[in-house]
Amino acid sequence: MEEGARSCLLQSRSSLEQDIRASYLMDHMISDGVLTGDEEDRIRSKPTRKEQAAALLELLLRKDNQAYISFYNALVRESYGDLASLLHNSLPLVSPEAEKSFSDGGTRYVQAVLSEGGVPQRPVVFVSRPALVNRVREKLYRLQKEPGWVTVFGMAGSGKSVLAAEAVRDHALITECFPGGVHWLSVGQLDRSDLLVRIQSLCFRLEQQSQEKDPSSSLHRPPGSLEEAKERLRFLMLRRYPRSLLILDDIWDSSVLKAFDIQCRVLLTTRDRSLADCVSGSKSEVAVESGLEEDQALEILALYVNGKPQRLPEQARSIVRECKGSPLVVSLIGALLREFPDRWAYYLHTLQQKKFKRIRKSSSYDYDALDQAMAASIQVLSEEHRELYIDLTVLEKDVKVPAKVLSVLWDLEPEEVEDVLQDFVNKSLLFRDCHHRPYLYYLHDLQLDFLAEMNRSGLESLHTKVVCQYQQRYSQGPPTSGDEECLYWFRFLTYHMAKANLTQELCSLMFSLDWVRTKAQIMGPAHLINDYVEYGTILDKEVRGHFQEFLSLNGHQLEQRPFPDVVQLALSQPDSSEVYRQALLQAQERATRG
Ligand code: ADP
C-alpha cells in the first residue's frame, strides 16, 4: 500500500475502530478478492466488535492499494460516509489509473465524473438489473451523435433513479458519448419558482465547475426568470459542456420538461410515459417493471442478512411475492431483518395482514405492501426515535435537508442528530445524499405519503413545532450565513407557518422589510414574489399589495450584486405604503445612530 494511504489509515485508526462493524465490510472485501475466507474467520473469532475492527485494520495495513480502495468502497456502501470521507483524499491511484475497473463497474475516472455531476451512489444494498441497464445504455448510445431524449418510466419505487444512475456508471459510455460529463438534477413536483431555483443552482454548479477548469471564464448573476434560465442553460450546455448528458430525475410535469427543451442530451425518469411528447428532437424510452425478478429480490434480502439466497428461509419467497418484488419494500424489510434475523415469519405475517389500509389509493402503486413495511420499520424504532421520525412528516417532497435543520427541529446537538439519522438510514427509512458536504437527507416520496397519511390529524401541530423550534433557536434574528441550513429556513419557514395555521406569525414575517431584504439577498426575489402569491388568501390584501408592488418594481435591482440598499429603494414607494413606512423608520434609526 502506498505511503499516503497507509498514513491516512493510521491517522484515522481510532475513529474507524470506534465505529465500524468489520463483519459488514468484510463481505464486500471478499467479493472484491482482497480478503480471504481464512482471514475473515480469524477476524470474526475476536470476541468484541471493537477487537474485530482493530484486527481488520491491522490486516489492511499490511495489504495493497487495491485493498484500501475496496475498504473505502465498503465504507461507502455500508453508509459510513463520514469515515469514508476521512480516507477519500488518500485514495491511491491504481494503474493504469483511469482504466482499472472498480468492483461497481465504474472506474476512477467514472467515479470522478459522476461525483462531480451529482449522480447518486448505489444504494447500500444493491442488485444489478443487467437487462434493464443494457436497454438504457443502448438508448443512451443513440445520443452519441445528436441531442435527444431517453425516458425511463415506471411506478414509484420501482427503481428508476437507481437504474438511471447505474446506466451511466460505465467508462465506455461516458468516454464515447458524454465526454462533456453527466449532470444530475433531482426535480420532483415543482412550481415555477421552485423550478427557477433548481435551474439557477444547476447553472451555478456548471459555471463554477467550468471556472475551476478555466479561470478566465466568469460567474454570472443568477438568471432572474425561467426564460432567462433556459437561455443560460442552453448556452452552458452548448458552449461549455458540449456532448454532456443531463439527467432529470422524477419529472411530473410537461411544462417542467419544456424548460429543458434546449437541444441537449437528456435522460429523464418519470411515472408518466407520455411526458416527452411535448418536447422536440429524437426520443426513445425504456419501461421499468414495478417489481424485481424474484431472484433479484431474494438477493437483496440475502445481502441484508449476509447470507446466500439459496439458504434463505421459505418465508423469503412469500415476502417477495407479497410486495410484488418492489425494490423499495424489499429494502425496508431487508433492513429490518438485518437487525432481527429471526423475524421472517413475523414480517411476512405483517405484510399479509394488510391491517394498515390507506384511505387514498394511488393508481400508480399498490401501497399495501409499502404501508406494512413502513409500519413495521417504524415500530422497531425506539420510542424516542419514532417520535423524531414522525417529525419528518412536515418535509416537502423532493426536498433534501442538512442535519443542522433537524438539529433545530429536534433541539439536539448535531452529533446526536447524526446518530439518529444513521439509525434511520440503516433501516432504509431515510436516504442520504453523500455528494454534498454537509450530507443531505431525504425520504422517498412514497414514505412521505405514508407519514402524511399516518399523521393526518397531527399535521398542524407538527408544523407548529417546526415554527416554535425555529423561533426559539433564532430568537435574535434569522440566520444569515447563506449555508444550506439557512437556505432551508428562508425557503420553507413560510410554508410551515401556513400549514400550521399561524396566520399572525406568517403576516408579521412576510410584512417585514428585514425578512424581505435578507431573503432577497440570499435567494433572489423570485421565491419572495411567489410566497405572496401562494399565501395571498391568508395575508391582508392591502399590505400584501404594497409588498408585491415593491417587489415587482424592484425585482431586477434585487438581483444585482453588490446588493442594493433596500431601505433606499423602499423610500421611493408611495408614502401610504407599509413598505415605505418601515423604510422610513429604519432610515430615521440610522440617522439617530449616526
Ligand atoms: P423510483 O425512482 O422508481 O421511485 P428509486 O430508484 O428511488 O425508485 O428506488 C427506490 C428504493 O428501492 C431505493 O432507495 C432502494 O432502496 C431500492 N432499490 C431500487 N433499485 C434497487 C436495486 N437495483 N438494488 C437494490 N435496491 C434497489
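If you're wondering where the values come from, they're calculated on a predicted model, not measured in any experiment.

Asker: Can you help me understand the site of the ligand in this one?
Answerer: What surrounds the ligand is a group of 17 residues, the closest being V127, G157, K160, S161 and H444. Between S161 and the ligand, the recorded distance is 2.7 Å, taken from a side-chain N or O atom to an oxygen atom. For the shell around the ligand, the secondary-structure elements that each account for two or more residues are α9 (160-167) and α16 (327-339). In the shell around the ligand, the residues fall into 10 nonpolar, six polar and one charged.

Asker: What should I look at first to understand the environment of N89 in this one?
Answerer: By the element assignment, N89 lies in the loop between α6 (81-88) and α7 (108-116). Judged by its relative accessible area of 73%, N89 falls in the exposed class. Remark: the alpha-carbon pair of N89 and C8, spanning 81 residues in sequence, is separated by 8.7 Å.

Asker: Please explain the side chain of K139 as it appears in this structure.
Answerer: Note on placement: K139 falls in helix α8 (residues 130-141). In this structure, K139 is buried with no salt-bridge partner, the nearest side chain bearing the opposite charge being E138 at 4.6 Å. Other than its neighbours up to four places away in sequence, K139 contacts V150, S284, E285 and V286.

Asker: Would you take a moment to explain the sheet that holds strand β3 (residues 245-251) for this structure?
Answerer: Strand order in the open sheet made by the five strands is β2-β3-β4-β1-β5, with parallel pairing throughout. Looking at the sheet topology across the chains shown, the edges are occupied by β2 (182-188) and β5 (282-287). Taken over all neighbouring pairs, the strand axes of this sheet differ in orientation by 15° on average, direction set aside. Here strand β1 (residues 148-153) pairs with β5 via six bridges, running parallel. In the sheet register, T151 faces β5, and the bridge partner there is E285.

Asker: Where do I start with α8 in this structure?
Answerer: Residues spaced three or four apart along an α-helix face the same direction, because each turn holds 3.6 residues. If you check α8, its first and last C-alpha atoms are 16 Å apart, about what 12 residues at 1.5 Å a residue would give, namely 16 Å. Within α8, the full set of buried residues consists of L132, V133, V136, R137, K139 and L140. Down the axis of α8, the smallest arc covering the buried residues is 160°, so these residues share one side.

How each quantity is defined
Residues numbered from 1 in each chain as written. Predicted model: local features only at pLDDT ≥ 70, side-chain atom pairs only at ≥ 80, totals over all residues. Heavy atoms only, no water. Near = heavy atom within 4 Å. Polar contact = N/O pair within 3.5 Å; in protein donor to acceptor, adjacent residues only side chain to side chain. Helix = DSSP H or I, 4+ residues; strand = E, 2+ residues; numbered from the N terminus. Nonpolar A, V, L, I, M, F, W, Y, C, P; charged D, E, K, R; others polar. Buried < 20%, exposed > 50% of the residue type's maximum accessible area, 1.4 Å probe, protein only. Lys, Arg positive; Asp, Glu negative; His and termini not counted. Salt bridge = Lys/Arg side-chain N within 4 Å of Asp/Glu carboxyl O. Contact = heavy atoms within 4.5 Å. Pairing = 2+ DSSP bridges. Axes fitted to C-alpha atoms, helices over the stretch in contact; angles between N-to-C directions. Expected span 1.5 Å × (residues − 1). Arc of directions from axis to C-beta.

So yeah, pure geometry; function would need other evidence.
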